[in-house]
Amino acid sequence: MLDGSVPICCGYWCDEIGSGLYVVVCDKLKEVARSLPYAVQTGLDDVDLVLSGGLIPPSHVAFLGESSEVELLLKRLLINALEKGYMCVQMVLGEPRVTVNVDKGVLLGDLGSFYDAYPSVHYQVEEVARLERGSLEKGLQGLLITFDNASYLKARKRVIKPFLFEEQMERNNLRRTICICTYNGIMVSELNKKFVMEKHNIVIQVEEPLKVKILKAKRSSKMLSVTQ
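Residues numbered from 1 in each chain as written. Predicted model: local features only at pLDDT ≥ 70, side-chain atom pairs only at ≥ 80, totals over all residues. Heavy atoms only, no water.

Caption draft 1: Quick peek at the sheet that holds strand β8 (residues 202–208). Spatially, seven strands are ordered β5-β4-β6-β7-β3-β8-β9 in an open sheet, and the strand pairing comes out mixed. The open sheet is flanked by β5 (107–110) and β9 (211–217), the only strands paired with a single partner. Shown here is a sheet whose adjacent strand axes are inclined to one another by a mean of 20°, direction ignored. In the sheet, strand β3 (residues 59–65) pairs with β8 via five bridges, with the strands oriented parallel. (Pairing = 2+ DSSP bridges. Helix = DSSP H or I, 4+ residues; strand = E, 2+ residues; numbered from the N terminus. Axes fitted to C-alpha atoms, helices over the stretch in contact; angles between N-to-C directions.)

Next comes the structure, spelled out in structure tokens:
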């Protein structure tokens, strides 16, 4: 607290996140953030603190940036999610661009079939809900699913068509799912960038390896009900 009502130990000021509001990093806050069993962390202390400890379900996240930069951050998140007991699924075209060398592994899904073969938003939401139910039936923390939308847009040459699934994320009943959608920051048109900002509750710009800028971080009412 800037009024001094809460003592701060070993802290230093970081980025301003609002009028008169700052993120402060100290050993105690890091300890609290890392202790949250459901928060999937980037490993970047200032970023995780702005995100209330990390990515918390249900979250609908967009990554904007070059593929190599996004892949580095995504790999860190997948490894941490597996350590936290999440089922991890990558929806990809062809071979995955992000490989995680761990015993539990990461399940793969065909992104082309998900978007093209069944162009029904009901089907798409139900498929993700099925994965979420499967993770909970196994006693896992929940589901972390990633969509390689950057590769999909490049392959389909469609840069102005919004995705039905992403449009409906705020209206579905997914409560234990972290959904991450990747977009190439250069290829995204102004129309799609507006769509990304409106339809995702967290938007993160990855400018270069380990340099992350949070463009939007909105906690939904469902997120608050799950984490309280």
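Still more to cover.
Caption draft 2: Expanded view of the pairing of β3. β3 sits mainly inside the fold: seven of its seven residues count as buried. By the alternation rule, side chains of β3 split into Ser59, Val61, Phe63 and Gly65 and His60, Ala62 and Leu64, which are all buried. In this structure, β3 lies alongside strand β7 (residues 177–183), joined through six bridges in parallel fashion. The residue of β7 that forms the bridge with His60 is Cys179. (Buried < 20%, exposed > 50% of the residue type's maximum accessible area, 1.4 Å probe, protein only.)

Caption draft 3: Geometry of helix α3 (residues 67–83). Here α3 spans 24 Å end to end across 17 residues, near enough to the 24 Å set by a 1.5 Å rise per residue. The complete set of buried residues in α3 reads Glu69, Val70, Leu73, Leu74, Leu77, Leu78, Asn80, Ala81 and Leu82. Looking at the buried residues of α3, the elements they touch are β3, β4 (86–92), β6 (142–147), β7, β8 and β9. (Expected span 1.5 Å × (residues − 1). Contact = heavy atoms within 4.5 Å.)

Caption draft 4: Quick look at the pattern of salt bridges. Evaluated as defined, the whole model comprises three salt bridges. We note a salt bridge from Glu127 to Arg130, for which the minimum N-O separation is 3.2 Å. Note that Glu127 and Arg130 are positioned in helix α5 (residues 121–137) at a spacing of three residues, about one turn of the helix. Residue classification places Arg130 among the partly exposed positions, given a relative accessible area of 42%. The residue Lys211 makes a salt bridge to Glu207 at a minimum N-O spacing of 3.8 Å. (Salt bridge = Lys/Arg side-chain N within 4 Å of Asp/Glu carboxyl O.)

Caption draft 5: Region of the structure containing the packing of aromatic side chains. The full count for this structure, using the stated rule, is four aromatic pairs. Ring centres of Phe114 and Tyr115 lie 5.4 Å apart, and the angle between their planes is 70°; this geometry places the pair in the edge-to-face category. Per residue, the accessibility class of Phe114 equals that of Tyr115, and both read buried. Ring centres of Phe114 and Phe147 lie 5.2 Å apart, and the angle between their planes is 50°; this geometry places the pair in the tilted category. A residue pair is termed long-range when its members are at least 10 positions apart, and Phe114 in helix α4 (residues 111–117) and Phe147 in strand β6 qualify at 33 residues. When its relative accessible area of 5% is taken as the criterion, Phe114 is described as buried. Judged by its relative accessible area of 1%, Phe147 is buried. An aromatic cluster is built from Phe114, Tyr115, Phe147 and Tyr152, whose rings are joined through pairwise contacts. (Phe/Tyr/Trp six-rings, centres within 6.5 Å; stacked < 30°, edge-to-face > 60°.)

Caption draft 6: The side chain of Glu132, seen in detail. Summarising the element assignment, Glu132 is placed in helix α5. The side chain of Glu132 is buried and forms no salt bridge, while Arg176, the nearest opposite charge, is found at 6.8 Å. When sequence neighbours within four positions are dropped, the list of residues in contact with Glu132 reads Leu143, Asn173, Leu174, Arg175, Arg176 and Thr177. (Lys, Arg positive; Asp, Glu negative; His and termini not counted.)

Caption draft 7: Structural detail: helix α6 (residues 149–156). Every buried residue of α6 is listed here: Asn149, Ala150, Tyr152 and Leu153. One side of α6 holds all its buried residues, which, seen down the axis, span an arc of 165°. (Arc of directions from axis to C-beta.)

Any link to function would need more than the numbers given here.
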